[in-house]
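Fold and geometry: a report
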Amino acid sequence: MFFKMISLLSLQVLFLNTACFSANTNFISDEEQRVNNLNAVLMCPVCPGESIDQSQNEIAMNMRTIVKDFVEDGRSEDEIKDYFVKRYGPVILLEPAGSGISLYAWIIPPVGLGFAFIIVVIAVNMMRRRQNVTALDNAYGLSEESITEDEKERYFSVIDRISKE
Amino acid sequence: MLVLAAIIISVVPAILIAYPIIKKIASNKSIPDDESSLYADLERRWESALEGLRHAELEMSVGNVDESDYLWLKQVHMTEAAMVLKALEISVEDEKSLIEQISKVAEIVSPNSFPESDQQKDLN
Amino acid sequence: MVELGQIALILSFMVAAYSTVVGFAGGMLNGRDLAASARWGFYSISPLLLLATSSLIYAFVTNDFSVKYVAENSNLAMPKAYAWVAFYSGNAGSLLYIAVAFSIMAGIATRIVNSKLPYTSPYALGVMSLVLLFFLAVILFLANPLDRHQIPLEDGQGMNPLLIHFGMFIHPPFQMLGLISVALPFSIAIGALLAGRGGRDEWVDQGRLWGMLSWLLLTTGLLLGAWWAYTILGWGGYWAWDPVENSALMPWLGMTAFVHSIMVQKRRGMFRMWNMVLIIVSFAMAQMGMFINRGGPVPSVHSFAESTMGWIFLAVMAATLFISLSIFIFRYDTLRSRSGLDSMISRESAFLAQNVLFLLIAFITLWGTIFPIFSEAVDDTTMTIGQPFFNKVNGPLMILLVLLMGIGPVLPWRKAGWTSVNKMLRAPFVVACGVLLLSLISGIHQYWVLISFVVCSVPVTTVVQELVRGTRSRHSHGENWGLSFLSLLGANRPRYGGYIVHLSIVMLAIGITASSFYDVQKDVVMKPGDSEVLGKYTFTYIEVSEKSFPDRTEETAKFEVWSGDKYIGYMYPYRAVYPEFQIAATRGAIHSTIIEDFYLVPSEFMEDGQAVFRVLINPLVLWMWVSGPVLVLGTLVSISPNSRKHKKRVRLPSVNIDQNPLGMAN
């Protein structure tokens, strides 16, 4: 059974991999790939939030042409990004840069992660130490210790019977 | 015309709002079980303890937990269920003594006007 | 007719106000007749609002352009079937849609809650009426879709052409329904807090039920939105981390955390405060979602219903947060856990970790979404954060969640020793190694794809392992294989329904991973007669045909497509230009297979007969769309009432005074 399971899963994996693999062979040139990558990280200046890759706007189309020309000229990715940043300001980059105000965008998530971790540690510690339970939870002041072995024996047989009904 | 329509439409919610108060539909029914009562709470805990037991049983039969974990889980849930039963027992005894007290008072007030109920027969 | 609707609106506003006041009063004074009156009154709201809705739709159908809202969102050219879409395509109408949908759902919820939780229900009803009252107040005083112009118009402005599509019938209604339905579990939770009669777990079953339904609606809305964007809007993607998308995702994240952690309270009486906080926060995020969609401060492609009213939603959201957290703090003492955490290796702690991760993702998404406001305030530049940031930051966290999804469900409650853990996780570990090896052999070398696939294999293995082990155990008791499998599923529906949902999430994750790392995109310039090749696909641009409509001109391209030497057929991507709106809408043509989608979309038709097309190959996208129905099925299984268990429900042994079934010595 165990081996059947493994073979089943392997089949599935093989299927997935061929799917990606078939798409992975170089259908498009490196240049085209670079153009696509750049288009995806440059924002269309008049349709905020959309990349020039997504946008059907004329400005976006023009920018796509510029990117294509620059890549064909052999300019590097950073050079092209710089060109647009100079023209439109750092706003044009969809991915916040690692400097200036944009740095905060990157700093907050790891800080949040750290904060979450601390919260979990504190919460777990609090929960490990049993808290004072409220009156209802502790009806008649009963706790696990307040049940004697005799009572346990008597109750357990009843519970056992009922739970197997 | 519009005024007439307005009146006709407003009759529906008016009736729906007034009817329960005039007819006292809720007061005439028996008082529903209180979902926050001690008994309801114990019932929930009883169910979750038994659910835990069944779950442990399932995990064991399926082979997800080893013997020692299973015994521990079983013990824990059994104890939880036992606590519910004990609490219930105490509450029943409380109730018993309460009834006894009341009936004693009743006897003092008028020894013959308090008919013996079936319950009291059992108590005696 | 419209005036009739107005009357109905005003009446429903009054009834909602009555239900709010009398509902709370009934709860506080323990006046059961009062509470019943509030409840019955509340039931009358949905017919009233349906009347208002039908009067608006009637105005659309009869082209009554004297109604402002109709004039703004319709014209003579609009197909009549779209009257329903036009109804909620604008701001005022969408509010009415939300109100009518909520009144119906809340009516049903009130009925059920009242039978299960009679003492909580007046308060819950009060909260629901209050929510409805807010929407009705906004409709009546700020954005009334039934208001008339002074001077009647000949023709309307028409609906935004991007909205004239079949998808409009399904995605927005579900999305709005999902967002507002978060108010149901929220009301029940706050109702239980307000009733505050010492009990803390009584709302759990109802909270879970309505929480799951709300989660289902939110998920459906999101998936339909993604599907619509992909198949229709024609940019080849399905999710862009746009502010409106984000604000719909955030309550989903919160609710996902909630429907999981509510289980801990049900089973263990723990996480009582946490669940309260979760549902409060989720509702706040849902309000935020409606706020951003209504002309909020963040630029978005979804700003169809723009208005300044967003700020009112924001203020109300702040008030909701403040009031509900105040109630929470006021009742703080009753919400202590019944029991403690026994071990770090347990279902409980897995749930805790999952909860925190979900909230963290929600927080990061919020942060990225409001970053433009932040940078504007600090630096005077509006920095918009886009897709790459979210993918880089949230992607890894989501992979971590998938891993937890594999490990968490097989950890037993309370405590697990290492031998148990070993027993359960050996197979997943072996399979994960196998997946890694096979992936490497078959040529996957992208770091994140490897991690994602390996992680995805874990939940699949654990679920399969659980099912196989459970079925085998039943089979060994004498049932046949098929029967034992079905009875296994039936015996513990919340659990196995959850597993089905988990499998669908894995399908989604695989689809997302494959299509974001292995998509191929190419822009080609072609003139009729040209052939191009992308991958195994050969496509020939045959011709373009132009068709004129009163409101638009459509240019449809005809392609003949071959996959290898297999003939696929003709594909017709088209582009429509709406001169009045200066909008061009493109519709892609997709050839979808289980392995990959071949996607053709026109970007530009030029004067000289040449045209620019974008061609994409997106692997495994179909898996994402198939995961939707699977997910719905799993959710329904897990909330379906367990009739068999209900009959044989283990009651407390009745300890009556006159009989003693426990056999206890007197």
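Residues numbered from 1 in each chain as written. Chains lettered and ligands numbered in written order. Predicted model: local features only at pLDDT ≥ 70, side-chain atom pairs only at ≥ 80, totals over all residues.

1. What to know about the overall build of chain A
Across its full length, chain A holds 6 helices and 0 strands. Across chain A, helices and strands are ordered from the amino to the carboxyl terminus as α-α-α-α-α-α. Taking all 165 residues of chain A together, the buried fraction comes to 25%. Counted over contacts in chain A with a minimum sequence separation of 6, partners at least 24 positions apart contribute 40%. (Helix = DSSP H or I, 4+ residues; strand = E, 2+ residues; numbered from the N terminus. Buried ≥ 20, exposed ≤ 12 C-beta atoms within 10 Å, placed from the backbone. Contact = placed C-beta atoms within 7 Å.)

2. Regarding the overall build of chain C
The helix and strand tally for chain C stands at 21 helices and 10 strands. Taking 26 Å as the expected radius of gyration for a compact globule of 666 residues, we find that chain C reaches 27 Å, a close match to that expectation. Dimensions of chain C, computed from the C-alpha atoms along their principal axes, are close to 100 × 75 × 55 Å. When each of the 666 residues of chain C is scored for burial, the buried share is 55%. Taking as baseline every contact in chain C between residues at least 6 positions apart, the subset at least 24 positions apart corresponds to 73%. (Rg over C-alpha atoms; globule rule 2.2 N^0.38 Å.)

3. Topic: helix H3 (residues 45–61) of chain C
Working note: α-helix, 3.6 residues per turn, so residues spaced by three or four point in the same direction. Residue and element names in this part refer to chain C. For H3, spanning 17 residues, the distance from its first C-alpha to its last is 24 Å, which sits close to the expected 24 Å at 1.5 Å a residue. If you check which residues of H3 are buried, you get Ile 45, Ser 46, Leu 48, Leu 49, Leu 51, Ala 52, Thr 53, Ser 55, Leu 56, Ala 59 and Phe 60. Where H3 terminates, the next one or two residues include Asn 63, which has phi positive at roughly 50°. (Expected span 1.5 Å × (residues − 1).)

4. Things to note about the interface of chain B and chain C
At the interface, 53 residues of chain B touch 49 residues of chain C. Every element with two or more residues in the side of chain B that touches chain C is listed here: helix H1 (2–23), helix H2 (25–28), helix H3 (38–62), helix H4 (67–109) and helix H5 (118–123) of chain B. For the side of chain B that touches chain C, the leading source of residues is H3 of chain B, giving 15 residues. In the side of chain B that touches chain C, the residues fall into 26 nonpolar, 11 polar and 16 charged. (Nonpolar A, V, L, I, M, F, W, Y, C, P; charged D, E, K, R; others polar.)

5. Description of the sheet that holds strand S10 (residues 611–619) of chain C
Residues and elements named next belong to chain C. Ordered in space as S1-S10-S9-S8, the 4 strands form an open sheet in which the pairing is antiparallel. The open sheet terminates on both sides in strands that have one partner only, identified here as strand S1 (520–526) and strand S8 (589–592). Here the strands of the sheet are splayed against their neighbours by 15° on average, with no regard to which way each runs. Bridge count between S1 and S10: 7 bridges; the pairing is antiparallel. The partner of Val 520 across the bridge, within S10, is Ile 617. (Pairing = 2+ DSSP bridges. Axes fitted to C-alpha atoms, helices over the stretch in contact; angles between N-to-C directions.)

6. Quick notes on the domain arrangement of chain C
All names here are of chain C. Here the domain parsing of chain C yields domain 1 (1–164) and domain 2 (520–621). Computed from C-alpha atoms alone, the centre-to-centre distance between domain 1 and domain 2 is 43 Å. For the side of domain 1 that touches domain 2, the per-class residue count stands at 3 nonpolar, 2 polar and no charged. (Domains from an automatic or database assignment.)

7. With respect to helix H13 (residues 310–330) of chain C
Residue and element names in this part refer to chain C. Along its 21 residues, H13 runs 30 Å from first to last C-alpha, staying within 8% of the 30 Å computed at 1.5 Å per residue. Listed as buried for H13 are Gly 310, Phe 313, Thr 320 and Ser 324. Projected down its long axis, H13 carries its buried residues within an arc of 70°, all on one side. Of the exposed residues in H13, those oriented more than 90 degrees away from the buried face are Ala 315, Ala 318, Ala 319, Phe 322, Ser 326, Ile 329 and Phe 330. Residues of H13 that are buried sit in contact with helix H9 (183–195) and helix H12 (272–293). (Arc of directions from axis to C-beta.)

8. Describing the packing of helix H11 (residues 243–268) of chain C against H12 of chain C
Think of two packed helices as two axes; the pair is described by the angle between the axes and how far apart they sit. All names here are of chain C. Running from N to C, H11 and H12 cross one another at 165°; their axes reach a closest spacing of 8 Å. As summarised for this structure, H11 and H12 are arranged roughly antiparallel, according to the angle between their axes. Helix-helix and strand crossings are classified by hand; for H11 and H12 the assignment is left-handed. Of the residues contributing to the contact of H11 with H12, the split by class is 17 nonpolar, 8 polar and 1 charged. (Parallel < 35°, antiparallel > 145°, perpendicular 65-115°, else oblique. Left-handed = near helix turned anticlockwise from the far one by under 90°.)

9. Concerning the pairing of strand S7 (residues 583–587) of chain C
Pairing between strand S6 (residues 574–578) of chain C and S7 of chain C: 5 bridges, direction antiparallel. Within the sheet, the bridge partner assigned to Ala 576 of chain C lies in S7 of chain C and is Ala 585 of chain C.

10. Comments concerning the environment of Trp 367 of chain C
Residue and element names in this part refer to chain C. Relative to the helices and strands, Trp 367 is located in helix H14 (residues 347–379). A residue is classified by how many C-beta atoms lie within 10 Å of it, and Trp 367, with 18 of them, is partly exposed. Considered as a pair, Trp 367 and Ile 385 are 18 residues apart in the sequence and their alpha carbons are 9.6 Å apart.

11. Overview of the packing of H12 of chain C against H13 of chain C
Residue and element names in this part refer to chain C. The geometry of H12 relative to H13 is characterised by a closest axis approach of 9 Å and an angle of 175° between their N-to-C directions. On the basis of their axis angle, the class for H12 and H13 is roughly antiparallel. Contacts between H12 and H13 involve Met 276, Ile 280, Phe 283, Ala 284, Gln 287, Met 288, Met 290 and Phe 291 from the former and Gly 310, Phe 313, Leu 314, Val 316, Met 317, Thr 320, Leu 321, Ser 324, Leu 325 and Phe 328 from the latter. Broken down by class, the residue content of the contact of H12 with H13 amounts to 14 nonpolar, 4 polar and no charged.

12. A short note on the nonpolar core
Soluble globular proteins tend to pack their nonpolar side chains together in the buried interior. All names here are of chain C. If you look at the biggest cluster of nonpolar residues, it comprises 217 residues, and the most contacted ones within it are Ala 99, Leu 132 and Ile 139. With 15 residues, helix H10 (residues 204–233) is the single largest residue contributor to this core. For Ala 99, the residues in contact, after removing those within four places along its chain, are Leu 49, Leu 132, Phe 135, Leu 136 and Ile 139. Counting residues in hydrophobic clusters, the runner-up holds 20 residues, among them Phe 539, Ala 557, Tyr 599 and Leu 600. (Core = buried A, V, L, I, M, F, W, Y, C linked by C-beta atoms within 7 Å.)

13. Side note on the confidence of the model for chain A
For any part of a model where pLDDT is low, the fine detail of the predicted coordinates should not be relied upon. Summarising the model, chain A shows a mean pLDDT of 77, and 74% of its residues fall at 70 or more. Element-level mean pLDDT values for chain A span from 61 in helix H1 (residues 2–24) of chain A up to 88 in helix H4 (residues 77–88) of chain A. (pLDDT = per-residue confidence, 0-100.)

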